[in-house]
Amino acid sequence: MQPIVDTSLWLAHKRRALARPTVGADFLMRRAAEELAERLGAVERKFDRAAVLFCQTPAAVDVLATSGKVTDIIRVEADAMFLGDAAGLVAPLETVPFEPESLDLAVSLLSLQAMNDIPGMLVQIRRALKPDGLFLGAFAGAGTLSELRESLLAAETELYGGASPRVIPFTDVRDAGALLQRAGLALPVADVETVTVRYDSLFGLMADLRAMGETSALIDRSRRPGTRKLFARVAEIYTERFSDADGRVRASFPIVWMSGWAPDASQQKPLKPGSAKISLKTILENPGGR
């Protein structure tokens, strides 16, 4: 598989952001953690052993710990810097450092979009889950920063006669469901929640992206320095196309949520074709009874 994301650079951006924290810049992670709490709360069972995979902050661990549904939580990060003083494992990004069928629950928040082999990561997660173990994950999906992408494309085309990629491609919700099935997870569900944030200008968005550690980490990113002239024009186009009546601009962050279970004989299964005891034709012809 041809790599798209320079994961070493992505991690470097994350380390730099962690070293220079900005109050409020973790709004997407906080929103994802709130949604995780709601989704976990809807699951009527408890989990003995859970892994929190490459979430970069303790937010997901805190959700699991306060849920009262998880006995043992193991946090995995790609760099010890993300763990701080907390206990956990350090492992290469895109790996699941657990024995087969050793986890009851696996959680991943806002890191899958930076991985080059999402299908392979999901397969590893499925293998690490015990039968009837649950995976819950969220990542930045298709449409993320679409306004910025369009404004950059327009400005670079206008000024330079062509454009280079500056925003990573994102997976859409339909592909997410297919990836869960491809990984062998049962009862797959994928849905999307779009978070829309408003800024005074493009430059407020760019400051937040730096503070999140989410500036471009594309392998084929443009090496042409971003000049003041370029970003001034990007800001003008952004305001022209994506501002509200009060002059503030919008930025879209669609978050794709995935859930799937490691297969187990106890799970519900669709009926086999032809196994129904009454035909659809009979129901339609006799709507009031059989």
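In the block above lies the structure referred to throughout.
The structure presented is a predicted model; accordingly, all values stated were derived computationally and were not measured.

Conventions we followed
Residues numbered from 1 in each chain as written. Predicted model: local features only at pLDDT ≥ 70, side-chain atom pairs only at ≥ 80, totals over all residues. Heavy atoms only, no water. Pairing = 2+ DSSP bridges. Helix = DSSP H or I, 4+ residues; strand = E, 2+ residues; numbered from the N terminus. Right-handed = clockwise from strand over helix to strand, strands pointing away. Buried < 20%, exposed > 50% of the residue type's maximum accessible area, 1.4 Å probe, protein only. Contact = heavy atoms within 4.5 Å. Axes fitted to C-alpha atoms, helices over the stretch in contact; angles between N-to-C directions. Parallel < 35°, antiparallel > 145°, perpendicular 65-115°, else oblique. Left-handed = near helix turned anticlockwise from the far one by under 90°. Nonpolar A, V, L, I, M, F, W, Y, C, P; charged D, E, K, R; others polar. Expected span 1.5 Å × (residues − 1). Core = buried A, V, L, I, M, F, W, Y, C linked by side-chain atoms within 4.5 Å. Polar contact = N/O pair within 3.5 Å; in protein donor to acceptor, adjacent residues only side chain to side chain.

K.L.:
Is there a simple way to think about the pairing of strand β2 (residues 70-77) in this case?
P.N.:
Each regular strand shows side chains that alternate between the opposite faces of the sheet. Pairing of strand β1 (residues 47-53) with β2, which is carried by six bridges, proceeds in the parallel orientation. The residue of β2 that forms the bridge with Ala51 is Ile74. With helix α3 (residues 59-67) bridging β1 and the parallel β2, this β-α-β connection has right-handed handedness. Pairing analysis gives two bridges linking β2 to strand β3 (residues 89-90), with the strands arranged parallel. Across the sheet, residue Val76 finds its bridge partner in β3, namely Leu89.

K.L.:
I would appreciate a short explanation of helix α8 (residues 202-212) in the present structure.
P.N.:
Because an α-helix packs 3.6 residues into every turn, residues spaced three or four apart end up facing the same way. Among all positions of α8, only Leu202, Leu205, Met206, Asp208, Leu209, Ala211 and Met212 are buried. Looking at the buried residues of α8, the elements they touch are α1 (7-19), α2 (27-41), α6 (146-160), β6 (186-199), α9 (228-242) and β7 (249-261). Just past α8, the residue Gly213 takes up positive phi, approximately 75°.

K.L.:
Hey, could you run me through the pairing of strand β5 (residues 129-140) in this one?
P.N.:
The buried fraction of β5 amounts to nine of the twelve residues, a majority that puts the element mostly inside the structure. Summarising the sheet, strand β4 (residues 103-109) and β5 pair through six bridges and their orientation is parallel. Within β5, the position partnered with Val107 by the bridge is Leu136. For the crossover from β4 across helix α5 (residues 118-128) to β5, the handedness is right-handed.

K.L.:
Whenever I open this one, the packing of α2 against α3 confuses me. Can you help?
P.N.:
Taken N-terminus to C-terminus, the directions of α2 and α3 make an angle of 25°; their axes are 9 Å apart at the nearest point. Here α2 lies roughly parallel to α3, going by the angle between them. In terms of crossing hand, the pair formed by α2 and α3 is right-handed. Seen from α2, the contacting residues are Met29, Ala33, Leu36, Ala37 and Leu40; seen from α3, they are Ala59, Ala60, Val63, Leu64 and Ser67. Here the contact of α2 with α3 is composed, by residue class, of nine nonpolar, one polar and no charged.

K.L.:
How should α6 be read in this particular structure?
P.N.:
The terminal C-alpha atoms of α6, which comprises 15 residues, lie 21 Å apart, in line with the 21 Å expected from a rise of 1.5 Å per residue. Summarising the contacts, the buried residues of α6 are in contact with α8, α9 and β7.

K.L.:
Would you take a moment to explain the nonpolar core for this structure?
P.N.:
Nonpolar side chains tend toward joint burial in soluble globular proteins. Membership of the largest hydrophobic core comes to 93 residues, with the highest contact counts inside it found for Leu53, Leu64, Leu109, Phe135, Leu205 and Phe253. Not counting residues up to four positions away in its chain, the partners in contact with Leu109 are Met29, Ala32, Ala33, Leu36, Leu53, Phe54, Cys55, Gln56, Ala60, Ala138 and Trp257.

K.L.:
Got a minute to help me understand the environment of Glu193 in this structure?
P.N.:
Along the polypeptide, Glu193 turns up in strand β6. We classify Glu193 as partly exposed; its relative accessible area is 21%. In this structure the C-alpha to C-alpha distance between Glu193 and Phe253, which are 60 residues apart in sequence, comes to 8.4 Å. The contact partners of Glu193, leaving out residues within four places of it in the chain, are Arg31, Glu35, Phe253, Pro254, Ile255 and Trp257. A polar side-chain atom of Glu193 sits 2.7 Å from a polar atom in the side chain of Arg31.

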